[in-house]
Amino acid sequence: MNNSKIIQDGIDIQNTGNVSAFLSLQFINNTEMSFTYKLVFPQECANPFGFVQGGMITAALDEATSLTAVISSKSKFIPNSTDIHTTFHRPVSIGEAIAVAKIVRLGRKVVSIEGKLYSWDNKLSATLLHTALLNPK
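All residue numbers refer to position in the chain's written sequence, counted from 1. Totals for whole chains, interfaces and linings use every residue, but because this is a predicted model, local features are given only for residues with pLDDT of at least 70 and side-chain atom pairs only at 80 or more, for both listing and counting. Remark: hydrogens and water are excluded; side-chain values derive from all non-hydrogen atoms of the structure.

A. Structural view of the overall build of the chain. Secondary structure summary: the chain contains three helices and six strands in total. Counting from the N terminus, the helices are the DSSP runs of H or I reaching at least four residues and the strands are the DSSP runs of E reaching at least two. Reading the chain from its N terminus to its C terminus gives the helix and strand order α-α-β-β-α-β-β-β-β. For 137 residues, the compact-globule estimate of 2.2 N^0.38 gives 14 Å, and the C-alpha radius of gyration of the chain, at 14 Å, lies within 12% of that figure. Oriented by its inertia axes, the alpha-carbon framework of the chain measures out at about 45 × 25 × 25 Å. Here the globule rule reads 2.2 Å times residues to the power 0.38, and the radius of gyration is calculated from C-alpha atoms.

Spelled out as structure tokens, the structure:
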């Protein structure tokens, strides 16, 4: 199976949910184990201060890191989260952002993935560490 087919299969699995569509999550590119995505936080994600609510940031990074796990397992497994830890570095504005996800460890039953969210002006805004059990598809 070629790389673009593996990536498309992962995207198709992820698109069966609603979060990717809500955030307009799009695969941009990848290197060995690092995957880059573009997403858009709509106005519905705003907190009372007009920035993206923290839970929405975590949801976006959860989606990007989960998709990375699916693609990295060649769509054989779907991650079942056991731990997600987010550190917020600065507020995120409504609109476009970039998520970068990197596999830290891909085992036979567990995966650890690091996710980073960058604002439209390329400033690191949040970091997430995601651990999940790998369930057969």
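B. Representation of the sheet that holds strand β6 (residues 124-136) within the structure. Paired strands, as defined in this entry, are two strands with at least two bridges between them according to DSSP. In space, the six strands of this open sheet follow the order β1-β2-β4-β5-β6-β3, with antiparallel pairing throughout. Whereas interior strands pair on both sides, the edge strands pair on one side only; in this sheet they are β1 (26-30) and β3 (77-88). When the angles between neighbouring strand axes are averaged without regard to direction, this sheet yields 25°. Across nine bridges, strand β5 (residues 110-119) lies against β6 in antiparallel orientation. An axis is simply a line fitted to the C-alpha atoms; with a helix, the fit covers only the stretch in contact. Between two such axes, the angle follows the N-to-C directions and lies from 0 to 180 degrees.

Functional significance is not addressed by these values, which are geometric in nature.
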